[in-house]
Amino acid sequence: MIDPEGGTGPYFQLMLSNYGQNLSWDASQEQPNASAFTLTLAYNSLVTNRRITYSVDVIEPVAPWLTISGASVVGSEIATSGTGVKNISVNIGNVSAMPNGIYNTQVSFFAYGKYQGLENLYDFVSYIVTLTINNSGASIKVELNQYNVFFNRQTGTLSGETSVKVLNNTTPVELKFEAQYFQSKSGVTNKFDLVGLNMANDPNLPSHGSVIVNGGLFKSGNTRVTDVNINLIIGQNADIFLDKSAINLSIIKSNTQPATTNFYLTNPENKSFTISSPSWLNTSIVSGSASTYVTVSTIPPSMLSSGIYTGKIKVDYDNKQIVIEVVLSVVSFINFPISGNNFCMDIPKITFNKMNLSSRFVKITIKAVFNQLGVEMVKENQYIIPYVNDKADFAIGEKVQKQFPRFKGDFFSVNNEIELMKNAVVSFKAEELDSSYNILLTELHPEIKLLPGSKPEGYPLLTNFMFRKRNPNAVFFNSKVFDGNIIVEKIEDTNDIDSIQYGDKKVVYYEYPKYNKILHLHFENDNLSPEWFSFTGEFKISSDYSHIYAKSVFNIQNEKYDFSKVKMLTVNSGFFMKEELGLIEKIIESRLCYIKINDKVYRCFSTLQKHILRDSLEELANKELEFLIVE
């Protein structure tokens, strides 16, 4: 991230003079004036094309009420030219119609730049403004959070919680009540009744069902003092009604408190009913015969695994059923669904969920224990990644893959069977950090076992090639996974072997009757294990020279000062089936090959520049391969 090379690499850092401010507003006062803050830039010349974008995110579901301005604010970006200190003004608006409550807006700044031609996100910081609205002056509010009223279309009457009591209006202040579908009330001081307004003929009301109405009490000048939330149910007495059709719950697994909510059951005729719910939910009642609130709560978070749970709350009565769809998100800091033996390049990324409002980064410390040929090695590395949209992803498999030790010797001289390596035992610690790199949360992940590469088609054999050419006196190197370890089996007497079976996987061998010189090869595959191939064509070894010479300043003659020499091995593969083209590709891609010629083993790697995959004129495939001999 910021200066990843320990003080010598590119960096582009953002710093805030502070990380937020708290504002409060009462309707009897002027709207609050927010304080300005400064954004300071620090970078070096290695980072080019520097730019800073910003976003203003309203956290609660209300209209945007905050903007920023200043000489450095240009559209949706912050100018990077000039001084490194940018003065940012905070502007508050559109809050007069917002209900009482606590509201948060986050202004996030993102520093981008290019290094070696690639654009990177180098840093980001966030500034949080919290606004508390208490538009009453005397904490005026109504008695209930929600008024549940029933409009009977058959009788045209309104029933239920129709009496609204006003609390804390001690002055008293004369208020006005406004709500869609209901008659307006003026001169309200301590109580009033809800009265329907032409509900029977209102085309906007459904014939059957419920409507949530957000009314309110207002001072003169239409300043909202408090909300009057109404759950309006429309129908006939024969039915039971619920004020919700869906419930979404979220809990953090590390917390001890379950998530709770409620719904209101309207039962005009006091019918008997029963309530059932998923095993991970509890309801305050399971049966009844009256209108009532029903509290819904989850079981303790410790009893739930991370993930998404879906289910239904069912209310049954008179051979009828009403359903509330429930979705529960169990969020943990670390989301990493993995167990048992896994291959590095197949495992999913780790997802980190933001747990603290002030957190900005996740620091991951990986400890991996490797064992190759009985020698144990421990490697530990640290990484810091930023949160983006409250999440951070980390490809741990790719990091561990790069740490695996490689066996760089030849297998022609080893025993018939060896344990090449054990699976790596990997554990990691994740720490949530704020913008000053203070630790806010720490979690340890238990050990996982990883093998290099991806799971091949032939598993437990570490090969993707199940149909192979065999030549006389060929040497097989079969790599396989057994009990979590990689075992390499060398078979030298292969003339009578037509197939080999491991578990439910079978390798079938075929033989061409025509062949020339047989050369034996093993190469390192994607699982860092040996595979084999037999060349049956011609070969040649040549030396490529590079000469260093120049004209002498004394006699104006060209003189040779030095030379360099590399040995090249050119091999014709001999004929093979086109199904083995992928095998030839892997030989070309491999970082390490050993070729045995006349009992001498050459360490080399392919330097072929072009590989023809298909040739319509070619009935039997054969390839010219080039190798650089390194020892």
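Residues numbered from 1 in each chain as written. Predicted model: local features only at pLDDT ≥ 70, side-chain atom pairs only at ≥ 80, totals over all residues. Heavy atoms only, no water.

### As for the confidence of the model for the protein
Predicted coordinates in regions of low pLDDT should not be interpreted in detail.
Moving on, step 1. Per-residue confidence for the protein gives a mean pLDDT of 87, with 94% of residues at or over 70.
Moving on, step 2. For the stretch residues 1–6, pLDDT sits under 50, and the model shows 18 contacts to residues farther than four places along the chain or on other chains. (pLDDT = per-residue confidence, 0-100. Contact = heavy atoms within 4.5 Å.)

### Quick notes on the packing of aromatic side chains
Moving on, step 1. If you walk through the whole model with that rule in mind, you get 25 aromatic pairs.
Moving on, step 2. A centroid spacing of 4.8 Å and a plane angle of 35° characterise the contact between phenylalanine 177 and phenylalanine 192, whose relative ring orientation is tilted. Of the two residues, phenylalanine 177 sits in strand S15 (residues 175–178) while phenylalanine 192 sits in strand S17 (residues 191–193), which places them 15 residues apart along the sequence.
Moving on, step 3. Ring geometry for phenylalanine 476 versus tryptophan 532: centroids 4.4 Å apart, planes at 15°, classification stacked. Of this pair, phenylalanine 476 sits in strand S38 (residues 476–482) while tryptophan 532 sits in strand S43 (residues 530–535), and the two are 56 residues apart along the sequence.
Moving on, step 4. Take phenylalanine 476: its relative accessible area is 0%, and that puts it in the buried class.
Moving on, step 5. Here the aromatic residues Phe37, Tyr54, Phe109 and Tyr127 are joined through ring pairs into a cluster of three or more.
Moving on, step 6. A cation over an aromatic ring shows up here: lysine 379 above the ring of phenylalanine 370, its NZ or CZ 5.6 Å from the ring centre. (Phe/Tyr/Trp six-rings, centres within 6.5 Å; stacked < 30°, edge-to-face > 60°. Helix = DSSP H or I, 4+ residues; strand = E, 2+ residues; numbered from the N terminus. Buried < 20%, exposed > 50% of the residue type's maximum accessible area, 1.4 Å probe, protein only. Lys NZ or Arg CZ within 6 Å of the ring centre and 35° of its normal.)

### Section: the environment of threonine 170
Moving on, step 1. Residue placement: threonine 170 occurs in the loop between strand S14 (163–167) and S15.
Moving on, step 2. A sequence separation of 89 residues divides threonine 170 from alanine 259, and the C-alpha atoms of the two residues are 36 Å apart.

### Looking at the sheet that holds strand S19 (residues 224–235)
Moving on, step 1. Read from one edge of the open sheet, six strands run S13-S12-S19-S18-S15-S16, paired in mixed fashion. Sheet topology places strand S13 (157–160) and strand S16 (185–188) at the edges, where each strand pairs with a single neighbour. Mean inter-strand twist for the sheet, computed between neighbouring axes without regard to direction, equals 30°.
Moving on, step 2. For strand S12 (residues 147–152) and S19, the ladder comprises six bridges, and the chain directions are parallel. (Pairing = 2+ DSSP bridges. Axes fitted to C-alpha atoms, helices over the stretch in contact; angles between N-to-C directions.)

### Side note on the side chain of serine 126
Moving on, step 1. Position of serine 126 relative to the elements: it lies in strand S10 (residues 118–133).
Moving on, step 2. Since its relative accessible area comes to 2%, serine 126 is described here as buried.
Moving on, step 3. Side chain to side chain, serine 126 and serine 108 meet in a polar contact 3.0 Å long.
Moving on, step 4. Sequence-distant contacts of serine 126, defined by excluding residues within four places in its chain, comprise Leu16, Tyr19, Gln106, Val107, Ser108 and Arg360. (Polar contact = N/O pair within 3.5 Å; in protein donor to acceptor, adjacent residues only side chain to side chain.)

### Focus: empty space enclosed by the protein
Moving on, step 1. What the rule picks out here adds up to four cavities of 30 Å³ or more.
Moving on, step 2. Quantified by volume, the largest cavity comes out at close to 110 Å³.
Moving on, step 3. Lining the largest cavity are 14 residues, with Thr463, Arg468, Phe477, Asn478 and Trp532 positioned closest to its centre.
Moving on, step 4. Elements with a contribution of two residues or more to the lining of the largest cavity: S38, strand S41 (505–510) and S43.
Moving on, step 5. Among the residues forming the lining of the largest cavity, the class breakdown is eight nonpolar, four polar and two charged.
Moving on, step 6. Taken as a whole, the second largest cavity encloses approximately 80 Å³ of empty space.
Moving on, step 7. Forming the boundary of the second largest cavity are Phe407, Gly409, Phe411, Leu420, His522, Phe523, Glu524, Leu528, Ser529, Pro530, Leu592 and Tyr594. (1 Å grid on protein atoms, 1.4 Å probe; cavity = no way out; pocket = protein on both sides within 12 Å on 5 of 7 lines; lining within 4 Å. Points joined across faces, edges and corners; volume = space filled by probe spheres on them. Nonpolar A, V, L, I, M, F, W, Y, C, P; charged D, E, K, R; others polar.)

### Quick word on unusual backbone geometry
Note on backbone geometry: most residues besides glycine have negative phi, and most peptide bonds are trans.
Moving on, step 1. Here the amide bond leading from threonine 171 into proline 172 is cis, since omega sits at -15°, within 30 degrees of zero.
Moving on, step 2. Along the polypeptide, proline 172 turns up in the loop between S14 and S15.
Moving on, step 3. The phi dihedral of tyrosine 181 is positive, around 75°, even though this residue is not glycine.
Moving on, step 4. Inspection of the secondary structure puts tyrosine 181 in the loop between S15 and S16.
Moving on, step 5. Judged by relative accessible area, tyrosine 181 falls into the buried class, the value being 10%.
Moving on, step 6. Notably, asparagine 270 is not glycine yet its phi reads approximately 55°, a positive angle.
Moving on, step 7. Relative to the helices and strands, asparagine 270 resides in the loop between strand S22 (260–266) and strand S23 (273–276).

### Notes on helix H1 (residues 396–403)
Moving on, step 1. Listed in full, the buried residues belonging to H1 are Ile396, Gly397, Val400 and Gln401. Axial view of H1: buried residues confined to an arc of 135°, hence all on one face.
Moving on, step 2. In this structure, the buried side of H1 is in contact with strand S31 (350–353), strand S32 (359–372), strand S34 (391–394), strand S35 (417–434) and strand S36 (439–451). (Arc of directions from axis to C-beta.)

### So, the sheet that holds S10
Moving on, step 1. If you trace the six strands from one edge of the open sheet to the other, you get S2-S10-S9-S4-S7-S6, paired in mixed fashion. Each of the sheet's edge strands pairs with one partner strand only, and the pair in question is strand S2 (20–25) and strand S6 (73–74).
Moving on, step 2. Across six bridges, S2 lies against S10 in parallel orientation. Looking across to S10, one finds that leucine 23 is bridged to leucine 131.

### Examining the pattern of salt bridges
Moving on, step 1. Within this structure, the stated rule accounts for 17 salt bridges.
Moving on, step 2. In this structure, lysine 354 and aspartate 390 form a salt bridge, with 3.6 Å as the shortest nitrogen-oxygen distance. One end of the pair, lysine 354, is in the loop between S31 and S32; the other, aspartate 390, is in the loop between strand S33 (375–386) and S34, with 36 residues separating them in the sequence.
Moving on, step 3. The partly exposed category is assigned to aspartate 390, whose relative accessible area is 43%.
Moving on, step 4. Between lysine 422 and glutamate 419 there is a salt bridge, with the nearest N and O atoms lying 3.3 Å from each other.
Moving on, step 5. You can call lysine 422 partly exposed: its relative accessible area is 32%.
Moving on, step 6. Through salt bridges with shared partners, a single network forms among Arg51, Glu77 and Glu119. (Salt bridge = Lys/Arg side-chain N within 4 Å of Asp/Glu carboxyl O.)

### Some words on the pairing of S34
Moving on, step 1. Of the two faces of S34, only one is covered, namely that formed by Ala392 and Phe394; the face formed by Lys391 and Asp393 stays uncovered.
Moving on, step 2. Pairing geometry for S31 and S34, over four bridges, is antiparallel. Considered in S34, the bridge of asparagine 353 is made with lysine 391.

### Quick look at helix H2 (residues 581–589)
Moving on, step 1. Within H2 the residues assigned to the buried category are Leu581, Leu583, Ile584, Ile587 and Ile588. The buried residues of H2 all sit within an arc of 160° when viewed along its axis, so they share a single face.
Moving on, step 2. At its buried positions, H2 is contacted by strand S37 (467–469), strand S42 (519–524), S43, strand S46 (593–597), strand S47 (600–606) and strand S48 (624–629).

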